[in-house]
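# Reading the structure
Okay, here's what each chain looks like letter by letter:
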Amino acid sequence: MTTLPPKLIAAIDGVAMEYIAVGDATPPIVLINDAGAPMESWYKVLPALEALSGVFAYNRCGIGNSGNVREAQTAAAMMETLRALLFKANLAPPYVLVAHALGGLIANLFARSYAGEVAACVLLDAAAPEDISALDARQGRLGQLLRRALDLAQDRDTLNETGHLRRSAEQIAEAPPFPDIPLFVISGGAPGLSWLSSKAVLDARAEGQRRLAALSPRGRHVIAARSGHFPQFSEPEQVISAVRDALTAIAPS
């Protein structure tokens, strides 16, 4: 695994938050992890992204050396923590948000709530807020049992992001419209363990990805044909290309 740059610590509302910030080129590329994932999950794309602009990555509460949560980890709470950490790291907006899976909820709400602070978004197999209730309703019994097992495996006192998905979806629905910015949605074309999911679940997931790409008139939907849920691992070049295209789209003419 590629060694990450030195990690730093900043206190946000009395909670230690671990992060890295490399380069001073703008706009900063902000990497937002999946639920429970550490910043090391970006190791395959980080060196190439550093060549494009400044890069920021961090561990949310309860991950790595970041402190434990003190409030329900809804999308709004996680968004405000991220925004405060960016300012504490002296990274001025606008940002290019690159978010994976559950991190997509944070990026979605951030772009809506602080439209002037977000120049572009790249979403990697990201959660679509409309999917949450639909997928719960359409999951088979085995899928529900697996979800409960995952919930039990997580420490809800320190890592309870997945316990507030419905409220996060509500917060996005209550927020202003998604802004007219470059938006790239990369969806895995080869879902892992697809044999455990019904066709209805797979179809709902695919429709959610299409809806994400349609949030902006400048949205583009890219299928990473060889990827499941982690295109940054299986097809890092797709992610790097999308970020490069996003930076090109916002560059002054």
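In this convention, every chain numbers its residues from 1, walking through the sequence in written order. For this predicted model, a pLDDT threshold of at least 70 governs which residues receive local features, and a threshold of 80 or more governs which side-chain atom pairs are given and counted, while totals over whole chains, interfaces and linings are taken from all residues. Remark: hydrogens and water are excluded; side-chain values derive from all non-hydrogen atoms of the structure.

### Side note on the pattern of salt bridges
- Salt-bridge detection follows one rule: a side-chain nitrogen of Lys or Arg within 4 Å of a carboxyl oxygen of Asp or Glu. Within the structure shown, the criterion is met by 13 salt bridges.
- Here Arg167 and Glu174 are joined by a salt bridge, their closest N and O atoms 3.2 Å apart.
- We call a residue buried when its accessible area falls under 20% of the maximum for its residue type, exposed when it is over 50%, and partly exposed in between, using a 1.4 Å probe and counting protein chains only. Judged by relative accessible area, which is 33%, Arg167 ranks as partly exposed.
- Looking at Glu174, the relative accessible area reads 56%, which means it is exposed.
- Of the charged contacts, one joins Arg220 and Asp245 as a salt bridge, the two residues approaching to 3.8 Å between their closest N and O atoms. Here Asp245 lies in helix H9 (residues 236-250) and Arg220 lies in strand S8 (residues 219-224), a separation of 25 residues in the sequence.
- With relative accessibility at 42%, the residue Arg220 sits in the partly exposed group.
- What you see here is one network of salt bridges that share partners, running through Glu130, Glu207, Arg210 and Arg211. A helix here means a DSSP run of H or I that spans at least four residues, while a strand means a run of E at least two residues long, and both kinds are numbered starting from the N terminus.

### Regarding the sheet that holds strand S3 (residues 29-32)
- For two strands to pair, DSSP has to find at least two bridges joining them. Strand order in the open sheet formed by eight strands is S1-S2-S4-S3-S5-S6-S7-S8, with mixed pairing between adjacent strands. At either end of the open sheet lies a strand with only one pairing partner, and these are strand S1 (8-12) and S8. Averaged over all neighbouring strand pairs, the angle between strand axes comes to 25°, with direction disregarded.
- As paired elements, strand S5 (residues 95-100) and strand S6 (residues 118-124) share six bridges and run parallel to each other. Residue pairing for S6: Ala99 is matched across the bridge by Leu123.
- Only heavy atoms matter for contacts: two residues are in contact if any of them lie within 4.5 Å across the pair. Think of each axis as a best-fit line through the C-alpha atoms, taken over the contacting stretch in the case of a helix, with angles from 0 to 180 degrees between the N-to-C directions. Contacting S6, strand S7 (183-188) and S8, helix H7 (residues 199-213) runs over the sheet at an angle of about 165° to S7.
- Strands in contact with H9 are S3, S5, S6, S7 and S8; relative to S6, the strand with the most contacts, it is inclined by about 160°.

Purely geometric numbers; function is a separate question.
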